[in-house]
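Residue-level structure breakdown
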There are 2 protein chains.
Amino acid sequence: MRKPYQPAASDIRLSAVLYALSDPRRLQIVQSLKDQAEQNCAVYHELMPKSTLTHHLKVLREAGVAKVRIEGTQHFYSLRTEELDQLFPGLMSAVLNAPPDLIE
Amino acid sequence: MRKPYQPAASDIRLSAVLYALSDPRRLQIVQSLKDQAEQNCAVYHELMPKSTLTHHLKVLREAGVAKVRIEGTQHFYSLRTEELDQLFPGLMSAVLNAPPDLIE
DNA sequence: TTTATTGTTCCAGTTTTTTAGTACAATAGG
DNA sequence: CCTATTGTACTAAAAAACTGGAACAATAAA
């Protein structure tokens with residue numbers, strides 16, 4: 001497993017971020033990354049098959065919403081909250097603090 | 001032309017709003033509605049064909065991002081900023097104030 | 001070295017979205 | 001009534017996205 005692509009902060013684009021955040025399953029993932037500093041993929045395996053999860057995490061990564069730290073065979077995901085806050089102030093907090101019943 | 005569907009504020013969902021905002025052409029429309037209180041469709045006819053414009057405005061409407069007021073044969077569009085601000089505080093201002101070069 | 005764990009890549013099938021042409025509907029004005 | 005204006009509805013084709021199975025790659029552990 002080679003290092004996955006993650007855009008530099010300067011390459012993050014609003015339309016891509018919004019797109020990544022617009023899928024209910026990805027929004028679910030993002031919500032669950034809200035509290036945890038880092039989260040292992042395994043947590044989501046109950047929600048969807050491995051390959052589907054990989055796909056959604058890839059979309060989040062390539063949009064610049066999430067980043068990953070690899071340790072052995074495990075991948076720890078987290079949100080790029082600080083960088084996103086610099087680029088689009090208020091966006092992530094608006095998404096993360098949305099009332100749960102208004103998400104999907 | 002009958003009255004187009006627009007969701008009540010209580011039926012607006014975050015994933016739908018984010019999805020509506022994630023398309024570059026729709027983001028362009030939304031940006032241009034930022035300043036104007038209301039805007040006639042005709043403005044965008046240089047950017048895309050009529051039927052394509054109708055489609056994108058429909059997505060924005062049905063997601064609850066935009067609303068329309070009909071006067072004769074003319075349709076005046078505007079953003080539902082206040083309602084969205086109530087539901088997802090900070091979201092629209094984050095989108096509307098994004099640096100132009102970071103949008104697409 | 002063998003086996004288990006963790007996650008990716010590849011692939012195909014299905015669904016959704018985007019785009020735009022053409023025809024149609026509604027109103028306004030002469 | 002006839003015509004222009006404004007925008008929708010319908011339609012179809014192309015592009016993109018979502019889903020998940022199966023095979024593969026990399027590390028860890030026995």
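Note that the structure is a prediction, hence the values are computed from the model and not measured. (Residues numbered from 1 in each chain as written. Chains lettered and ligands numbered in written order. Predicted model: local features only at pLDDT ≥ 70, side-chain atom pairs only at ≥ 80, totals over all residues. Heavy atoms only, no water.)

It is worth spelling out the pattern of salt bridges at this point. Residues and elements named next belong to chain B. Counting across every chain of the model gives four salt bridges over all chains. Between R69 and E71 there is a salt bridge, with its nearest N and O atoms 2.6 Å apart. We classify E71 as partly exposed; its relative accessible area is 44%. (Salt bridge = Lys/Arg side-chain N within 4 Å of Asp/Glu carboxyl O. Buried < 20%, exposed > 50% of the residue type's maximum accessible area, 1.4 Å probe, protein only.)

Moving on, we get to helix α3 (residues 50–63) of chain A. Residues and elements named next belong to chain A. Here α3 contains 14 residues, and its C-alpha end-to-end distance of 20 Å stays within 8% of the 20 Å for a straight helix at 1.5 Å per residue. For α3, the full list of buried residues reads L53, H56, L57, V59, L60, R61 and A63. Lining the buried residues of α3 we find α1 (14–21), α2 (24–35), β2 (66–71) and β3 (74–79). Positive backbone phi, approximately 95°, marks G64, located one or two places after α3. (Helix = DSSP H or I, 4+ residues; strand = E, 2+ residues; numbered from the N terminus. Expected span 1.5 Å × (residues − 1). Contact = heavy atoms within 4.5 Å.)

On to the interface of chain B and chain A. In this complex, chain B contributes 23 residues to the contact, which on the side of chain A involves 23 residues. Taking both sides of the interface into account, the surface hidden between chain B and chain A amounts to around 1,800 Å²; carbon and sulfur atoms contribute 72%. Counting across the interface, chain B meets chain A through zero salt bridges. Here the side of chain B that touches chain A takes five residues from helix α1 (residues 14–21) of chain B, the largest share from any one element. Along the lines of polarity and charge, the residues of the side of chain B that touches chain A split into 17 nonpolar, three polar and three charged. (Buried area = accessible area lost by both parts, 1.4 Å probe. Nonpolar A, V, L, I, M, F, W, Y, C, P; charged D, E, K, R; others polar.)

So, about the nonpolar core. V65 and F88 of chain A together with V65 and F88 of chain B are the most contacted members of the largest nonpolar core, which has 66 residues in total. Here F88 of chain B is in contact with A94, A98, P99 and L102 of chain A together with I12, R13, L14 and V17 of chain B, once residues within four sequence places are set aside. (Core = buried A, V, L, I, M, F, W, Y, C linked by side-chain atoms within 4.5 Å.)

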